[in-house]
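# Working through the structure, step by step
What follows is the residue order along each chain.
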Amino acid sequence: MTLAPHPTVSHDAEEREHAEALLQLCKRLERAWTLPDVLEAVKPMGESVFDYRHVWLALFDEASGMLDFLTHTTSGEESAVSRQLQTMKIPVKGDALLEEILQATHVVVVEDARTDPRTNKAVVAALHNRTIVNVPLVMADQRLGALGMGTYGDEEGVRPPKLWQIALMQATAGHLAVALDRVRFMTARREAEEALVQQKEHLQVTLQSISDAVVTTDAAGLVQYLNPAAQVLTGWSLAAACGRQHQDVLGLGAEPGTDTVPDLVGRALAQGSTQFHSKLRSTPLAGTPLLMDLSASPLLRPGGDADGVVLVFRDVTEASRLSREMEFQALHDTLTSLGNRRAFENLLAQAFTATRDANTARHCVCYLDLDNFKVINDTCGHAAGDELLRQVARLFLAHLQPQDLLCRLGGDEFGILLWQQDLQQALQVAERMQQELAAFRFAWRDHVFSVSVSIGAVVLDAATESVGALLQAADSACYVAKDGGRNRIHVYAENDPALAQRYGVMEWVSRIEDALQHDRFELFGQPIARLGAPPAGTAHGLHCEVLLRMRTPDGRLVSPGEFMSAVERYQLAARVDRWVIKKALAWMAEHQERVELCCINLSGQSVGDATFLSQVLQAMDQAPVRCDRLCFEITETAAMGDLAAANRFFQAMRARGCRFALDDFGSGLSSYAYLRELAVDMLKIDGQFVKNMADDPVSFAMVRSIHEIGCLMGKKTVAEFAESQAVVDLLTGLGVHFAQGYALARPAPLDELLQESVVQ
């Protein structure tokens, strides 16, 4: 069914249909792991929404300068040329249409390919193209290629897209670009893993070819020579070993299941060729038993008879132990000794296959994520967090049957496969786990913590599409459980409104990309007021914190609370922070004589990114700004997440004269413990204490404590969320240096702040 405008369909109904089409596209794209999967996912949009029967992907290979075509034709005449085109590489340079597509920021429409001068007429004639629509695919400022659609021959004729179709095509391209980027990432990761496997095999072959010890014997197996390495390994000197049987010198024991000591020399002489023996058990003259890999090669005279045998061997005891350990670690989590993600996916694949072979097979999969696990790590350190994970793993195992599987998937996440259990049975197991965990108390030194878990559950049966789709469904359900208040169980179901809301977060990725590409972010600011009289010689001017807003295409102003979760979840923080810094530096360069201090917030993702640091330094080199009037704010939680990275960033920026503020100080339970390790100039007291300090003695005491500690360490203090005059008066009485909040000034565009600023 085509979603074209119809006189009897309202505009709101059209928008709902379009939104539903995009939602269904998102669901299909989440299950797309290869390029053909992506094309299959977008194909229904071309057919049902835009009514174009020819749909293709043209992907740009930057290294070769070529476009690779991946084509899907639902109908229309297929020719040898069209089949060739599906695997054709077309050079971009010199092709007017392709060059335009890869430079365009808009949908490129060829109304009639037969007459348009930009098209290749031979290909057009072979494919019977008429109207061609190309939608650029852009991700992180990188042009991936284009989504193409079109009509066939005289039967379909010339039919350019309508305005509403073009807008919807651009939204479709945004989702498609994200999916293609994920496919590219997964492909690169798979290739890297394969390369690692090949490298490991190469190293193993190399190690097997190294000779460590050599013994020669005569035809009767009596030792004639040992090199120094063999003497060390066996414990025999050359003089003592000569004339003895090689079995005695090597300390060979009976072969497993027999009473016979292997005659290596006899085997080599009988076969007339080199014989290899793996992991022979040996007991040296003095020492512990060993495992040896050994080769026995006959010493042949020109006539073909053998004078004796050369035995080349090495101690593989430790290598064998490490091999067993590596095999174990490849499928197990070293912390809890549970299976790891790889083991979990292998077992799920087996269970998935079982459901194909027997339609009655039915299992349940649960995805578990501990709530507030980071609090324990931050408070007591990673050793405490590791011990908690071990104890929780034992608690979970106690509720499982021998045939069930519990794995640690990473961090504080676990996966459970409940074998031959229906959803009701699985929910009973999950509820018992939650109840016992709720009653569990984790004690570490002087601290006692309660722990809870959010669980997503999904059924594995004949209707399950794939292991990838199964894991995605379980993860999504767990995310909904956590987002719904934590310590909950959520069962995955198609058309679940809560899951649809999660997919809505993904839609923000496309909007954020569009805002970055079309400069739709805007900088606001909130003044930071000095409390009390300024010290003599203090600079005068605007002291503010830079805030970010997004302007939608229809003119609506969006606050960060609506889109920052998507920014953080989909690793876009560094790109957004770069945009903010670039624009803020340009604004400061224009008005710096009227700006006392400009504070810019940074994400923890940005601070830990070495590339981001170099880009900020480059931006500062290009902007004529006094760096001593620039202050970077980073949250306490982000700084403590990677102290080494935070301090590296601080040191590099401080060398330029920049200042630093620790934002939301006091929100972490280990704030004071880390304060000495962070080279910051200001502490921004967490607003949850400030806004309640007039009515809550504990909050008042926290604010006073943070201010006093800050003063002792030579740091200025800034109180956030000063929302009433009573709070401002209390802060002034305590001697807090600065405050910001609605009681003092509300956020406004930066240029408006300059007009309204007063000398503090």
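In case you missed it, the structure is sitting above this.
Residues numbered from 1 in each chain as written. Predicted model: local features only at pLDDT ≥ 70, side-chain atom pairs only at ≥ 80, totals over all residues. Heavy atoms only, no water.

## With respect to the overall build of the protein chain
Rule in force here: Helical segments are the DSSP runs of H or I of at least four residues, strand segments are the runs of E of at least two, and each set is numbered from the N terminus. Should any heavy atoms of two residues lie within 4.5 Å, those residues are considered in contact.
Helices and strands together make up the secondary structure of the protein chain, namely 29 helices and 29 strands. In the protein chain, the proportion of contacts linking residues at least 24 apart, taken out of those at least 6 apart, comes to 63%.

## Some details on a negative patch on the surface
Where we set the bar: Each patch is assembled from residues with relative accessible area greater than 30% and no salt bridge, linking like charges that lie within 9 Å and nonpolar side chains (Val, Leu, Ile, Met, Phe, Trp, Tyr) that lie within 5 Å. Each accessible area is a Shrake-Rupley result for a 1.4 Å probe, and residues are judged covered by the shown protein chains and nothing else. Salt bridges are defined by distance alone: a side-chain nitrogen of Lys or Arg within 4 Å of a carboxyl oxygen of Asp or Glu. Within this scheme the basic residues Lys and Arg register as positive and the acidic residues Asp and Glu register as negative, but His and the chain ends are omitted. Charge coordinates come from a single atom per side chain, which is NZ of Lys, CZ of Arg, CG of Asp or CD of Glu. Buried means the residue's accessible area, taken with a 1.4 Å probe over protein chains only, is under 20% of the maximum for its type, while exposed means over 50%, and partly exposed covers the values in between.
A cluster of like negative charges, contributed by Glu590, Asp751, Glu752 and Glu756, occupies part of the molecular surface. On the basis of relative accessibility, which here comes to 43%, the residue Asp751 falls in the partly exposed class.

## Considering helix α1 (residues 11–30)
Worth spelling out the cut-off: Expected span of a helix, by definition, is 1.5 Å for each gap between consecutive residues, and there is one gap fewer than residues.
The first and last C-alpha atoms of α1 sit 29 Å apart over 20 residues, in line with the 28 Å expected at 1.5 Å per residue. Residues of α1 that are buried include every one of Ala13, Glu14, His18, Ala21, Leu22, Leu23, Leu25, Cys26, Lys27, Leu29 and Glu30, and no others.

## Some thoughts on helix α15 (residues 382–397)
End to end, α15 covers 23 Å across 16 residues, agreeing with the expected 22 Å (1.5 Å per residue, within 8%). Along α15, the residues that are buried comprise Ala384, Gly385, Leu388, Leu389, Val392, Ala393, Leu395 and Phe396.

## Examining the sheet that holds strand β7 (residues 213–218)
The condition that has to hold: Two strands pair if DSSP finds at least two bridges between them. The convention used is that axes are lines fitted to C-alpha atoms, helices contributing only their stretch in contact, and that angles between N-to-C directions extend from 0 to 180 degrees.
Ordered in space as β8-β7-β11-β10-β9, the five strands form an open sheet in which the pairing is antiparallel. Of all strands in the sheet, those bounded by a partner on one side alone are β8 (223–226) and β9 (275–282). Going across the sheet, the axis of each strand differs from the next one's by a mean of 25°, ignoring polarity. In this structure, β7 lies alongside strand β11 (residues 306–315), joined through six bridges in antiparallel fashion. Bridge pairing links Thr217 to Val309 in β11.

## Description of the sheet that holds strand β13 (residues 405–410)
Here five strands make up an open sheet; going across it, the order is β13-β14-β12-β17-β18 and the pairing mixed. The open sheet is flanked by β13 and β18 (489–491), the only strands paired with a single partner. Shown here is a sheet whose adjacent strand axes are inclined to one another by a mean of 20°, direction ignored. Here eight bridges tie strand β12 (residues 363–370) to strand β17 (residues 453–460), and the two strands are oriented antiparallel to one another. In the strand pairing of β17, Leu370 is matched with Val453. In the packing of helix α17 (residues 467–483) onto the sheet, the strands contacted are β12, β17 and β18, and the crossing angle to β17 comes to about 145°.

## Description of the side chain of His399
Test applied: Whenever a nitrogen or oxygen atom comes within 3.5 Å of another N or O atom, the pair is scored as a polar contact, on the condition that within protein one atom can donate a hydrogen and the other can accept it, and that pairs from neighbouring residues in sequence are kept only if both atoms are in side chains.
The topology assignment puts His399 in the loop between α15 and β13. Taking the relative accessible area as the measure of exposure, His399 reaches 17% and is therefore buried. At 2.4 Å, the side chain of His399 and the side chain of Glu436 are in polar contact. Look past the residues within four positions of His399 in its chain and what remains in contact with it is Val429, Arg432, Met433 and Glu436.

## Remarks on the state of the cysteines
The criterion, for reference: Note on terminology: disulfide denotes any pair of cysteine sulfur atoms within 2.5 Å.
Across all of its chains, the model carries zero disulfides by this definition. Looking at the unpaired Cys366, the closest cysteine sulfur is the one in Cys364, lying at 6.5 Å. Look at Cys366 and you get buried, because its relative accessible area is 4%.

## Focus: the pattern of salt bridges
On inspection of all chains with the given rule, the structure shows 28 salt bridges. We note a salt bridge from Arg130 to Asp112, for which the minimum N-O separation is 2.9 Å. Of the two residues, Arg130 is situated in strand β5 (residues 129–139) and Asp112 in the loop between β4 (108–110) and α5 (121–127); the sequence distance between them amounts to 18 residues. The two residues Arg130 and Asp112 agree in class, both being buried. One salt bridge in this structure joins Arg551 and Glu522, with 2.8 Å as the shortest N-O distance. Taken together, the residues span a long stretch of sequence, with Arg551 in strand β21 (residues 542–551) and Glu522 in strand β19 (residues 521–527) at a distance of 29 residues. Residues joined in a network through salt bridges with shared partners are Asp112, Arg114, Arg130 and Asp154.

Bear in mind that shape data such as this cannot, by itself, settle questions of function.
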